[in-house]
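# Observations on chain architecture
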Amino acid sequence: MNRFAAILADINDRLDIPQPCKYRIMQEIAADLEDAFEQFRADGMHDEEAELLAVERIAADDHVI
């Protein structure tokens, strides 16, 4: 299961734009989360810490969405 499935589902539910734009934006967010996670792991962080920091860095708040 994708480690970011819950946050992506939440963003998807809050993002009120038509397809296919929504799909492309969600793909970008998912890729950014994975890239951030991998960078944090490469920096020596454990999975849990890297995941938390990736979500904090990438996941959009209500204002951004």
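Coordinates for the structure precede this section.
Right, let's walk through the structure included here. (Residues numbered from 1 in each chain as written. Predicted model: local features only at pLDDT ≥ 70, side-chain atom pairs only at ≥ 80, totals over all residues. Heavy atoms only, no water.)

Okay, a negative patch on the surface next. On the surface, a cluster of negative charge is contributed by Glu-28, Asp-32, Asp-35 and Glu-38. Mapped onto the secondary structure, Asp-32 falls in helix α2 (residues 21-42). (Patch = residues over 30% accessible without salt bridge, like charges linked within 9 Å, V, L, I, M, F, W, Y side chains within 5 Å. Areas by Shrake-Rupley, 256 points an atom, 1.4 Å probe, with all protein chains shown as cover. Salt bridge = Lys/Arg side-chain N within 4 Å of Asp/Glu carboxyl O. Lys, Arg positive; Asp, Glu negative; His and termini not counted. Charge placed at Lys NZ, Arg CZ, Asp CG, Glu CD. Helix = DSSP H or I, 4+ residues; strand = E, 2+ residues; numbered from the N terminus.)

This part is about the side chain of Lys-22. Tracing the chain through its elements places Lys-22 in helix α2. Asp-13 provides the closest opposite charge to the buried, unpaired Lys-22, separated from it by 6.1 Å. (Buried < 20%, exposed > 50% of the residue type's maximum accessible area, 1.4 Å probe, protein only.)

Interaxial distance between helix α1 (residues 5-14) and α2 falls to 11 Å at its minimum, and their mutual angle equals 150°. With respect to each other, α1 and α2 are oriented roughly antiparallel. The handedness of the crossing between α1 and α2 is right-handed. Residues Ile-7, Leu-8, Ile-11 and Asn-12 of α1 touch α2, and the partners they reach there are Lys-22, Met-26, Ile-29, Ala-30 and Leu-33. (Axes fitted to C-alpha atoms, helices over the stretch in contact; angles between N-to-C directions. Parallel < 35°, antiparallel > 145°, perpendicular 65-115°, else oblique. Left-handed = near helix turned anticlockwise from the far one by under 90°. Contact = heavy atoms within 4.5 Å.)

A few words now on the nonpolar core. Ranked by internal contacts, the top residues of the largest apolar core, which has 13 residues, are Phe-4, Leu-8, Met-26, Ile-29, Phe-40 and Ala-54. Put simply, the parts of the chain that give this core at least two residues each are α1, α2 and α3 (47-58). For this core, the element with the most residues is α2, which contributes six residues. Sequence-distant contacts of Met-26, defined by excluding residues within four places in its chain, comprise Leu-8, Ile-11, Asn-12 and Leu-15. (Core = buried A, V, L, I, M, F, W, Y, C linked by side-chain atoms within 4.5 Å.)

A separate point is the packing of α2 against α3. The contact between α2 and α3 brings their axes to 8 Å, and the two run at 135°. Taken together, the axes of α2 and α3 lie oblique to each other. Here α2 and α3 pass one another in a crossing that is right-handed. Between α2, through Ile-29, Asp-32, Leu-33, Ala-36, Phe-37, Phe-40 and Arg-41, and α3, the contact on the second element is made entirely by Asp-47, Ala-50, Glu-51, Leu-53, Ala-54, Val-55, Arg-57 and Ile-58. Residue composition of the contact of α2 with α3, by class: ten nonpolar, no polar and five charged. (Nonpolar A, V, L, I, M, F, W, Y, C, P; charged D, E, K, R; others polar.)

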